[in-house]
Amino acid sequence: MKVKIIVILLFSFYWVSAQNGKLAGDWSHIMTVENQAKINTEFTDFAPSYWNDYIVFTSSKTRQKIFDPNIKEGFFDLYLSAVGKSNNLERSAQLSKILNTKYHDASSSFTSDGNTIYFSRMNDDGYMNIYKSHYQDGEWEEAIPMVINESESQSVHPTVSVDSKIIIFASDRAGGYGLMDLYFTIYQDGEWSEPMNLGPVINSEDNEVFPYLSHNNFLFYSSDGGENSDLDIYKTMFKNGKNHKIVRLPYPINTEYDDLSIISDFEGLNGFLSSNRPGGAGKDDIYKFNSSQSIFGYGETDYNIMTLTAKDGESKKILTNVIIRYRHLKEEEIISFNKSLFNITQTSYDSVLVDKNGKAQIKLLPGYTVIEAESPQKEKWQIALTDRMENKSIDILMNRLKPEMVDTSQKTKVIIKPTLKNTELAIGTILVFDNIYYDYNSHEIQSGAAQELDELSEAMLKNANLKVQLASHTDSRGEDKYNLLLSERRAISAKAYLISKGIQPNRIFTIGYGESQLRNHCKDGVKCSDKDHLFNRRTEVKILDN
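Residues numbered from 1 in each chain as written. Predicted model: local features only at pLDDT ≥ 70, side-chain atom pairs only at ≥ 80, totals over all residues. Heavy atoms only, no water.

Q: Looking at this structure, I do not really get the nonpolar core. What am I missing?
A: It is characteristic of soluble globular proteins that their nonpolar side chains tend to be buried jointly. Within the largest apolar cluster, 26 residues are counted, with the highest numbers of intra-cluster contacts made by Phe220, Leu249, Ile253, Ile262 and Ile295. Contributing elements (two or more residues each) for this core: strand 3 (54–59), strand 19 (218–223), strand 23 (259–264), strand 24 (270–275) and strand 25 (285–291). At three residues, the largest contribution of residues to this core is made by strand 25. What Ile295 contacts, discounting residues up to four positions off in sequence, is Trp27, Met31, Phe220, Lys235, Ile253, Ile262, Ser264, Gly268 and Phe289. Within the second largest apolar cluster, 25 residues are counted, among which are Phe76, Ala106, Ala170 and Phe210. (Core = buried A, V, L, I, M, F, W, Y, C linked by side-chain atoms within 4.5 Å. Buried < 20%, exposed > 50% of the residue type's maximum accessible area, 1.4 Å probe, protein only. Helix = DSSP H or I, 4+ residues; strand = E, 2+ residues; numbered from the N terminus. Contact = heavy atoms within 4.5 Å.)

Set out below in structure tokens:
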């Protein structure tokens, strides 16, 4: 019975058949997951962890003649693999003959200095407990059991915090909420505290296993307590011993099969996980993931949000007439980047106008985000920020232009009137936007097809009094009533796009005309080409106030 518990709760559920069920969100357009074929075997390979420049993982590939009869494989050992080109794992070898015993040794975690390992090991009584060992003179010392273990229960899957003061692990000890629960212990006054249950927000009546605590306090773990009986990977924020909302990670991290033991790099863009999804080398395999967006930010509306507050550099009073422009640096730009000097106006960028409290928020992407602020009669303010910043707010202190920087040659005040498409934006002016493309029977703006809205947002950011009406029109295909509703949704979609660029909602009004104002002969019953129908799908911008 003890060994059965070990196999079922510790080692990945690989015999569970796939269950149809609702998956998490789909990130397949920004994320790839690749089997690490050079180190995976026909047996069970899982539980990757970082150790210096290596990946340590667990495998049942046999190096001895002793087998676990319950899984008909060799006992688990810890293996080492170098990370090669394109972040792929290369050849593997035993981590240590001292750490690998004749029975199960598995699921490791290392302190940030690489000198201490915590891992799971079967003791003489047949229970899995957490052990630790120190790295000394190029070799691991004999491992010793942790005081956080409890007799006649399993304690497995340790993960240690970046400051080495917290360990989170899985256990089936008495007093939990389910089969396997997650617990944490804190190192204080020279010893580890009594383990505390993470509570019913995380722990279900089923199994919560394979925790991984990132450097920024995101806790990843696997659970089979969801809609399906397979293991899925979840994420929460762990801070001060408390966890917050639970987020199920997207496809292709989670599938309809068992997905477990994820780890991630500093940015949350690359990492490894284990899965028994089809197409692998054996039962559970190790996979590499690569994403253009950080998994830390998945499901987190406030992840890496930087709040900027514009103030006068001398009086520290709030400034409201400030435009903030920002853009993310591409990887090739970072290589030669001088953060003290950049020209954002010569490249594409996003922009936002501060609110009445002088505040604006932008999202920092992995790497550098370059930011500049501009306001009348103020010196331009510039900075480069990284997503690794601890503080999530910063003051923009804008100084007055120096006398030599102010042009006093003009005695007459010149009022520059706003223009767009070489047209003065006087009240009542109507501009036709033909190049906001929607697919037939859809209100979604096609990717890259909103250049005119980008130009309008820039004009509105520069002219705080500018208010507009967006009137949307459809072609004649479809029912009149349906087209009217579709045009209203398209106008709202265009408004949402402007809002995403920093325009206040009360400056944008919408109306839909359906097919009531066609610009050509393509009415009901008239055969027309797609190009002719496209001519009628348009958005008209009317200037209400300037």
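Here the narrative resumes, following the displayed structure.
Q: Just checking my understanding: could you explain the confidence of the model for the protein chain for this structure?
A: Keep in mind that low pLDDT regions are not for reading the predicted coordinates in detail. The predicted model of the protein chain has a mean per-residue pLDDT of 83, with 82% of residues at 70 or higher. When pLDDT is averaged over each helix and strand of the protein chain, the minimum, 41, is found for helix 1 (residues 2–10) and the maximum, 98, for strand 13 (residues 155–160). Segment residues 1–23 is flagged for pLDDT under 50; beyond a separation of four residues in sequence, or across chains, it makes 71 contacts in the model. In the model, residues 410–414 has pLDDT below 50 throughout and makes zero contacts with residues more than four positions away in sequence or in other chains. (pLDDT = per-residue confidence, 0-100.)

Q: Got a minute to help me understand unusual backbone geometry in this structure?
A: Excluding glycine, most residues fall at negative phi; most peptide bonds, likewise, are trans. Note the cis peptide between Tyr251 and Pro252, where omega equals 10°. With a phi close to 55°, Glu152 is a non-glycine residue in the positive phi region. Along the chain, Glu152 turns up in the loop between strand 12 (144–145) and strand 13. Residue Ser261 is not a glycine yet carries a positive backbone phi of 50°.

Q: What exactly am I supposed to notice about the sheet that holds strand 35 (residues 430–433) here?
A: What links the strands of a sheet is backbone hydrogen bonding, and the strands pair in either a parallel or an antiparallel sense. Spatially, four strands are ordered 35-38-36-37 in an open sheet, and the strand pairing comes out mixed. Looking at strand neighbours, the two that pair on one side only are strand 35 and strand 37 (508–514), the edges of this open sheet. For this sheet, the mean inter-axis angle between neighbouring strands, taken without regard to orientation, is 20°. Note: strand 36 (residues 467–473) against strand 38 (residues 538–545), seven bridges, orientation antiparallel. Across the sheet, the residue bridging to Ala471 is Glu540, located in strand 38. (Pairing = 2+ DSSP bridges. Axes fitted to C-alpha atoms, helices over the stretch in contact; angles between N-to-C directions.)

Q: So what exactly am I meant to see when it comes to the environment of Met128 here?
A: Within the fold, Met128 resides in strand 10 (residues 128–136). Taking the C-alpha atoms as reference, Met128 lies 9.7 Å from His157; in sequence the two are 29 residues apart.

Q: Looking at this structure, how should I read the pattern of salt bridges?
A: Opposite charge on two side chains permits pairing when their charged atoms draw close. Counting across every chain of the model gives 19 salt bridges. Here Arg538 makes a salt bridge to Glu540, at a shortest N to O gap of 3.2 Å. The exposure classification of Arg538 matches that of Glu540, with both residues buried. (Salt bridge = Lys/Arg side-chain N within 4 Å of Asp/Glu carboxyl O.)

Q: Would you mind going over helix 3 (residues 451–462) with me for this structure?
A: Since the α-helix packs 3.6 residues into each turn, any two residues three or four apart lie on the same face. When the terminal C-alpha atoms of helix 3 are compared, their 17 Å separation across twelve residues agrees well with the 16 Å that a helix rising 1.5 Å per residue should span. All of the buried residues along helix 3 are Glu452, Leu453, Leu456, Ser457, Glu458, Ala459, Met460 and Leu461. (Expected span 1.5 Å × (residues − 1).)

Q: Looking at this structure, how should I read the state of the cysteines?
A: Two cysteines form a disulfide when their sulfur atoms are joined by a covalent bond. Scanning all chains against the criterion turns up one disulfide. Paired through a disulfide, Cys522 and Cys528 show a sulfur-sulfur distance of 2.2 Å. Given an S-S torsion of about -105°, the disulfide between Cys522 and Cys528 has left-handed geometry. On the accessibility criterion, Cys522 (0% relative accessible area) is buried. (Disulfide = S-S within 2.5 Å.)

Q: It is not clear to me how the sheet that holds strand 30 (residues 368–374) should be interpreted in this structure. Could you clarify?
A: Spatially, 28-27-30-31 is the arrangement adopted by the four strands of the open sheet, whose pairing is antiparallel. Of all strands in the sheet, those bounded by a partner on one side alone are strand 28 (350–353) and strand 31 (381–386). With direction set aside, neighbouring strand axes in the sheet form an average angle of 20°. Here strand 27 (residues 323–328) runs beside strand 30; their pairing, made up of six bridges, is antiparallel. Bridge pairing in strand 30 links Ile324 to Ala373.

Q: Explanation requested: the packing of helix 3 against helix 4 (residues 480–500) in the structure shown.
A: Put simply, helix 3 and helix 4 touch, their axes get as near as 10 Å, and they point 50° apart. Classed by the angle they form, the pair helix 3 and helix 4 counts as oblique. Crossing angle aside, the handedness with which helix 3 passes helix 4 is right-handed. In contact with Leu453, Asp454, Leu456 and Ser457 of helix 3, helix 4 contributes Ala494, Tyr497 and Leu498. Class assignment of the residues belonging to the contact of helix 3 with helix 4 gives a composition of five nonpolar, one polar and one charged. (Parallel < 35°, antiparallel > 145°, perpendicular 65-115°, else oblique. Left-handed = near helix turned anticlockwise from the far one by under 90°. Nonpolar A, V, L, I, M, F, W, Y, C, P; charged D, E, K, R; others polar.)

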